[in-house]
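Here is how the chains run, residue by residue.
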Amino acid sequence: MALLMLISRILNFSSHDMAIDLGTVNTVVYLRDRGIVLNEASVVALETRDGVSRVKSVGNDAKLMMGKTPAGIQAVRPLRDGVIADLGVAEQMIKHFIDKALGGPSRFPRRPKIVICVPSGSTSVERRAIRDAAFNAGASKVFLIEEPMAAAIGAGLPVTEPTGAMVVDIGGGTTEVAILSLRGLAYSTSVRFGGDKMDEAISSFIRRKHNLMIGEATAERVKHGIGAANAPDGEGPEMKVKGRDLVTGRPVELTITQAEVAQAIAEPVGQIVRATMSALENTAPELAADIVDRGIVLTGGGALLARIDEVIAQATGLPVAVADDALICVAMGAGQALEDAKYAGVLAIS
């Protein structure tokens, strides 16, 4: 308790301080005492003139440009597989989101303390890149929290108690599987399979089966519209898809069924199931007994995929539930760690 009080005094958070779920697909910002204030796409549009690149737009506005930009403008995603792929662009994106969360750029220096979520399987180099990007974007101090811990806190699991809890956080770039107890990860694994791999699988399947080339945004719409982990009735709902015919080169439209989408994403879903089974196989017996009682909680955008909970429940034989507000669970958990002293021990101080 004395250690937690000491850490809490060191943190000394103010009203400008925030928690950021820096995701591959979306970035969610939690502002102290206000809750979620921003949820936008992790996309930056860069305009290049005379060999110099500058930021044209960030977030949802930039996402609308993906696949539709003219020469001289490029829409990029600075994060891949849950970690920073382009440090300079990531800094610009984080700075934009910080300013937007605080109500716009200020004439006075505001250097908030920031809690940032990181994948449990990220390397020290990848974590340093995230810290550096946040510092360069204007943070006065950076604290890291592992994504499965933040997801478990956001889902309301008893992570501070001597009891086992299991969370599967299915994000855009990675899937985090963890067994938690007493403010720590008793076991965790991270696989680089998530929503992005599903989008790629859908695009590849349609190209192979129908000779139709579709864009990244279209594949994502198909996943959100009729995506499912399985299709027990064999067909399910249908969706019209537009793209370029690889044989004739002409724009065409065709109809895709839910059964086809389930077949397309079978490999990424299988990887998520295997990661979950691996975690259970490496769980201590006493913690396993607690998980039998409590079951598995799914968080992240991938948890919203139709029937993913049924597929995992069938493979594990355990009850599986999708958390409330699964899409923002990680940011909510990081925000609670920011505000509640009892979670101070889960933050890594930079």
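Owing to the predicted nature of the structure, the values given are computational and were not obtained by experimental measurement.

**Digging into the UniProt feature "binding site: ATP" (unreviewed entry) in the protein chain**
Then comes step 1: When the UniProt feature table is mapped onto this chain, "binding site: ATP" (unreviewed entry) is found at Gly172, Gly173, Thr174, Glu220, Arg221, Val222, Lys223, Gly301, Gly302, Ala303 and Leu304. In the annotation above, Gly172, Gly173, Thr174, Glu220, Lys223, Gly301, Gly302 and Leu304 are the residues that line the largest pocket.
Then comes step 2: You can see Glu220 is positioned in helix 7 (residues 216-226).
Then comes step 3: On the basis of relative accessible area, Glu220 is assigned to the buried category, the value being 14%.
Then comes step 4: With residues near it in sequence (within four places) discarded, Glu220 still touches Val25, Lys63 and Asp199.
Then comes step 5: Checked against the element boundaries, Gly302 lands in the loop between strand 17 (296-299) and helix 11 (308-316).

**Observations concerning the sheet that holds strand 15 (residues 238-245)**
Then comes step 1: Ordered by their spatial adjacency, three strands build an open sheet running 14-15-16, and the pairing between neighbours is antiparallel. Pairing within the sheet leaves two strands with one partner each, and these edge strands are strand 14 (212-213) and strand 16 (251-257).
Then comes step 2: Where strand 15 meets strand 16, seven bridges bridge the pair, whose relative direction is antiparallel. When the sheet's bridge partners are listed, Lys242 is paired in strand 16 with Glu253.

**Description of the environment of Gly194**
Then comes step 1: Turning to its location among the elements, Gly194 is positioned in the loop between strand 13 (184-191) and helix 6 (195-210).
Then comes step 2: Separated by 24 residues in the primary sequence, Gly194 and Ile170 place their C-alpha atoms 5.9 Å from one another.
Then comes step 3: With sequence-adjacent residues up to four places away left out, Gly194 is seen in contact with Gly171, Gly172, Gly173 and Thr175.

**Observations regarding the sheet that holds strand 18 (residues 320-322)**
Then comes step 1: Taken in spatial order, the five strands of this open sheet run 13-12-11-17-18, and their pairing is mixed. For this open sheet the edge positions go to strand 13 and strand 18, each flanked by a neighbour on one side alone. Averaged over neighbouring strand pairs, the angle between their axes works out to 20° when direction is ignored.
Then comes step 2: Across the sheet, helix 9 (residues 266-281) lies against strand 11 (165-170), strand 12 (175-181), strand 13 and strand 17, angled at about 160° from strand 11, the strand it touches most.

**Notes on the pattern of salt bridges**
Then comes step 1: Inspection of every chain in the model, using the stated rule, returns 13 salt bridges.
Then comes step 2: One salt bridge connects Lys242 with Glu253, and the closest N-O pair in it is separated by 4.0 Å. Note that Lys242 is positioned in strand 15 and Glu253 in strand 16, a separation of eleven residues in sequence.
Then comes step 3: Connected through salt bridges with shared partners, the residues Glu47, Arg49 and Arg54 form a single ionic network.

Here is what the cut-offs are and how they apply
Residues numbered from 1 in each chain as written. Predicted model: local features only at pLDDT ≥ 70, side-chain atom pairs only at ≥ 80, totals over all residues. Heavy atoms only, no water. UniProt positions renumbered as here; feature names shortened; annotations may be inferred. 1 Å grid on protein atoms, 1.4 Å probe; cavity = no way out; pocket = protein on both sides within 12 Å on 5 of 7 lines; lining within 4 Å. Helix = DSSP H or I, 4+ residues; strand = E, 2+ residues; numbered from the N terminus. Buried < 20%, exposed > 50% of the residue type's maximum accessible area, 1.4 Å probe, protein only. Contact = heavy atoms within 4.5 Å. Pairing = 2+ DSSP bridges. Axes fitted to C-alpha atoms, helices over the stretch in contact; angles between N-to-C directions. Salt bridge = Lys/Arg side-chain N within 4 Å of Asp/Glu carboxyl O.

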